[in-house]
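Listed here are the chains, written in short residue letters.
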Amino acid sequence: MGVDALEHVIGQIINGLQLGFMYALIALGYTMVYGVVKLINFAHGDVFMVGAFVGYFGFSQWGMPVPVAVLTAMAVCAVLGVVIEKIAYRPLRYAPKIAALISALGVSLFLEYFSSLKFIFGPNYRVVERPFEEVHWQLAGISVSNIQVMVMVVVILMLLMLQYLLFRTKIGMAMRTVSLDHDAARLMGVNVDSVISATFAIGSALAAAGGVLYAIAYPQIQPFMGIMPGLKAFTAAVLGGIGIIPGAVLGALIMGQVETLTAAFLSSQLRDAIAFGILILVLLVRPCGILGKTETEKV
């Protein structure tokens, strides 16, 4: 392999890391909610979309600095996540799983089409004017942009903060307790409903941050933009092991690399097919995902 070809491969790997880290922020919401309430929140990709729009309005039209716009989007989507949980999921918590699944799909469609109304976000694509100029640096012949660095640094910081939250705070301890057994958590004095709401809020806030970063990195947004990233992030969570936070991150990084390298070296039309094909192959070998553990169900 020549030097130019090697540099091209490394450049694509860096692009894959950028995409994978953004998928990771969405996948964390899927895996956290599933870990606590055993529910697949298919509206999560649309929360990502709402975060992208709020962040876009923040730095493009309301004059906010980018960090403030990101925090605003996270706050708005945290509230949205709690509202979705209380209205669409809490009444069905002990109903058959299919009822909650249908409710999740209904919330997803509602967010997409409600956001498409002219007095909300509108149905058309919006070109995002980046709040700062994109700058490329050459490191040993490899081009790295300030946007790629920003995405990776922000996501890594958020992952570290999430780990601290889960393993060093009371709410994190409560979330881990509820994920093991709701009834036992209640007997220990844990407010299960509040913990579940907090889980939705944290997962939705992370998705919102991912949406703002996505809008800056790939500067075009529209009300249906959350469908495919949401599906791929869900796939990443399942690939790594649904309910396992390191698994969600690992699966997201794998999805980002597969998608980017396939588009660069095979065909952009095949990137989705190959990414989902790898998921099928992994699940045939390890149905619990890469980092998942097989559990024996008592009957």
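Read on for an overview of the structure. Everything numeric in this text was worked out from a predicted model, so none of it was measured.

This brings us to the overall build of the protein chain. Helices and strands together make up the secondary structure of the protein chain, namely 11 helices and 4 strands. At 19 Å, the protein chain has a C-alpha radius of gyration in line with the 19 Å of a compact globule built from 299 residues. For the protein chain, the C-alpha atoms occupy an extent of roughly 60 × 50 × 35 Å along the three principal directions. Looking at the 299 residues of the protein chain, the share that counts as buried comes to 50%. Carbon and sulfur atoms form 68% of the exposed surface of the protein chain, whose accessible area is close to 14700 Å². With 17 positive and 15 negative side-chain charges, the protein chain shows a spacing of 10 Å between the two charge centroids.

Moving on to the side chain of His44. Its location among the elements puts His44 in helix α2 (residues 44–60). A polar contact is formed between the side chain of His44 and the backbone oxygen of Ile26, at a distance of 3.2 Å. Not counting residues up to four positions away in its chain, the partners in contact with His44 are Ile26, Gly29, Tyr30, Gly203, Ser204 and Ala207.

This part is about the packing of aromatic side chains. Both the distance between ring centres and the angle between the ring planes are used here to describe each pair of aromatic rings. Under the defined criterion, the tally for this structure stands at 14 aromatic pairs. When the ring of Phe53 is compared with that of Phe121, the centres are 4.2 Å apart and the planes differ by 0 degrees; the resulting orientation is stacked. Taken together, the residues Phe53 in helix α2 and Phe121 in the loop between α4 (97–115) and β1 (126–127) connect sequence positions 68 residues apart. Note on Phe121: relative accessible area 12%, which makes it buried.

Where side chains of opposite charge bring their charged atoms close, a pairing between them can arise. Summed over the entire model, instances satisfying the criterion amount to 8 salt bridges. A salt bridge links Glu134 to Arg130, with the nearest nitrogen and oxygen atoms 2.8 Å apart. Its relative accessible area of 31% is what places Glu134 among the partly exposed residues. The structure contains a network of salt bridges with shared partners spanning Glu85, Arg90, Arg93 and Asp193.

Leu28, Ile84, Tyr89, Val151, Leu162, Leu206 and Ile221 are the most contacted members of the largest nonpolar core, which totals 95 residues. By residue number, the principal contributor to this core is helix α8 (residues 192–217), which donates 17 residues. If sequence neighbours within four positions are ignored, Leu28 has contacts with Leu159, Leu162, Leu206, Ile245, Ala248 and Val249.

With that out of the way, let us pick up the layout of surface pockets. By rolling a water-sized probe across the atoms, one finds the places where empty space is left. Volume-wise, the largest pocket comes out at about 850 Å³. Looking at the largest pocket, it is lined by 24 residues, and the ones nearest its centre are Gly35, Lys38, Ile242, Gly243 and Ile244. Of all the secondary-structure elements, those providing two or more residues to the lining of the largest pocket are α1 (3–37), α5 (146–168), α6 (170–180) and α10 (245–265). The greatest single-element share of the lining of the largest pocket, amounting to 5 residues, is contributed by α1. Taken together, the residues of the lining of the largest pocket sort by class into 14 nonpolar, 6 polar and 4 charged. Roughly 290 Å³ of internal volume is contained in the second largest pocket.

About the criteria used
Residues numbered from 1 in each chain as written. Predicted model: local features only at pLDDT ≥ 70, side-chain atom pairs only at ≥ 80, totals over all residues. Heavy atoms only, no water. Helix = DSSP H or I, 4+ residues; strand = E, 2+ residues; numbered from the N terminus. Rg over C-alpha atoms; globule rule 2.2 N^0.38 Å. Buried < 20%, exposed > 50% of the residue type's maximum accessible area, 1.4 Å probe, protein only. Areas by Shrake-Rupley, 256 points an atom, 1.4 Å probe, with all protein chains shown as cover. Lys, Arg positive; Asp, Glu negative; His and termini not counted. Charge placed at Lys NZ, Arg CZ, Asp CG, Glu CD. Polar contact = N/O pair within 3.5 Å; in protein donor to acceptor, adjacent residues only side chain to side chain. Contact = heavy atoms within 4.5 Å. Phe/Tyr/Trp six-rings, centres within 6.5 Å; stacked < 30°, edge-to-face > 60°. Salt bridge = Lys/Arg side-chain N within 4 Å of Asp/Glu carboxyl O. Core = buried A, V, L, I, M, F, W, Y, C linked by side-chain atoms within 4.5 Å. 1 Å grid on protein atoms, 1.4 Å probe; cavity = no way out; pocket = protein on both sides within 12 Å on 5 of 7 lines; lining within 4 Å. Points joined across faces, edges and corners; volume = space filled by probe spheres on them. Nonpolar A, V, L, I, M, F, W, Y, C, P; charged D, E, K, R; others polar.

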